[in-house]
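Each chain, letter by letter, is given below.
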Amino acid sequence: MTMTRKTRRAVLLGVALLLVAGNVWWFSREEPSAQQAFELASTGADRSVPSGEVRSLPRFDAGLREWRVGARAVNDLRDRLETLGVDAGGSPVSGEFLTVALPATATSEDMRRMLLSLVKQDICEVAVVQESDPEVKGGGYRAAIHNILAVRADDGSRLACITRD
């Protein structure tokens, strides 16, 4: 079977249009959005932390992937959980939370690793004292208490925080 000049031109034009359409699709498609490193929700409550107490708060060493208080490693944080009866507006706050310190040099990846460690210990409410924040009048810090909804695990999966009693 022989192709006429007109048929050959139509086929080549069709192939060229197909290649152009493929390039337009390839370069204009949306990149899949990166999964959030962590998801937090505000409880509406906060905790006042005196400056002198900050040194005794647990800190997560992201390099070693362990919790420390001072120079001592801490395996179980559950004995450090606090209960806050009412928030500043007088509304009741249920559940227990952990107050931790975050160094001024911490990155969002350090925060993700810290929250992942808490989720793995079934601790879903946390007050984070960020040392990069300025102290409030009276010589202390004000740390908002947050619910940890989910954290991106090391394998990329989404790990939801579930409090177990």
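Relevant structure appears above.
Think of each chain on its own: its residues are numbered from 1, step by step along the sequence as written. Reporting of local features is limited, given that this is a predicted model, to residues whose pLDDT is at least 70; pairs of side-chain atoms are given and counted only at 80 or more, and all residues count toward the totals for whole chains, interfaces and linings. Side-chain numbers here rest on the full set of heavy atoms in the structure, without hydrogens or water.

### Concerning the state of the cysteines
- By convention in this document, the label disulfide applies to cysteine sulfur atom pairs within 2.5 Å. Taken as a whole, this structure holds 1 disulfide when the rule is applied.
- The side chain of C124 participates in a disulfide bridge whose partner is C161; the two sulfur atoms lie 2.0 Å from each other. The sign of the S-S torsion, about -95°, decides the handedness of the disulfide formed by C124 and C161: left-handed. You can see C124 sitting in the loop between α2 (108-120) and β7 (125-130) and its partner C161 sitting in the segment after β9 (158-160), a full 37 residues away along the chain.
- For C124, a relative accessible area of 9% corresponds to the buried category. Numbering goes from the N terminus for both helices and strands, where a helix is a DSSP run of H or I of at least four residues and a strand is a run of E of at least two. Each residue is placed in one exposure class: buried if its accessible area under a 1.4 Å probe, protein chains only, is under 20% of its type's maximum, exposed if it is over 50%, and partly exposed if it falls in between.

### Some details on a nonpolar patch on the surface
- A surface patch of nonpolar side chains, amounting to about 370 Å² of accessible area, comprises M3, V11, V15 and L19.
- Its location among the elements puts L19 in helix α1 (residues 5-28). Candidate patch residues must exceed 30% relative accessible area and have no salt bridge, after which like charges are joined if within 9 Å and Val, Leu, Ile, Met, Phe, Trp or Tyr side chains if within 5 Å. All accessibility values rest on the Shrake-Rupley procedure with a 1.4 Å probe; residue burial counts only the protein chains present in the view. Each reported salt bridge corresponds to a side-chain nitrogen of Lys or Arg within 4 Å of a carboxyl oxygen of Asp or Glu.

### Notes on a positive patch on the surface
- The convention is simple: Lys and Arg are positive, Asp and Glu are negative, and His and the chain ends are not counted. Taken as the charge centre is NZ of Lys, CZ of Arg, CG of Asp or CD of Glu, depending on the residue. Together, R5, K6, R8 and R9 make up a positively charged patch on the protein surface.
- Structurally, R5 is set in helix α1.

### Focus on the environment of G70
- With respect to the helices, strands and loops of the structure, G70 is situated in the loop between β3 (66-69) and β4 (72-74).
- For G70, a relative accessible area of 56% gives the class exposed.
- C-alpha of G70 to C-alpha of R59: the two residues are 11 residues apart in sequence and 8.3 Å apart in space.

### Some points on the pattern of salt bridges
- Taken as a whole, this structure holds 10 salt bridges when the rule is applied.
- Notably, a salt bridge pairs R47 with E82, separated by 2.7 Å at the nearest N-O pair. Here the residue R47 occupies a position in strand β1 (residues 38-50), and E82 occupies one in strand β5 (residues 82-83), the gap between them amounting to 35 residues.
- Close ionic contact of E109 with R112 constitutes a salt bridge, the shortest N to O distance being 2.7 Å. With a gap of 3 residues between them, E109 and R112 both fall in helix α2, about one helical turn apart.
- Using a relative accessible area of 27% as the deciding quantity, one classes E109 as partly exposed.
- In the salt-bridge network here, residues are joined through shared partners; they are R65, E109, R112, R113 and D154.

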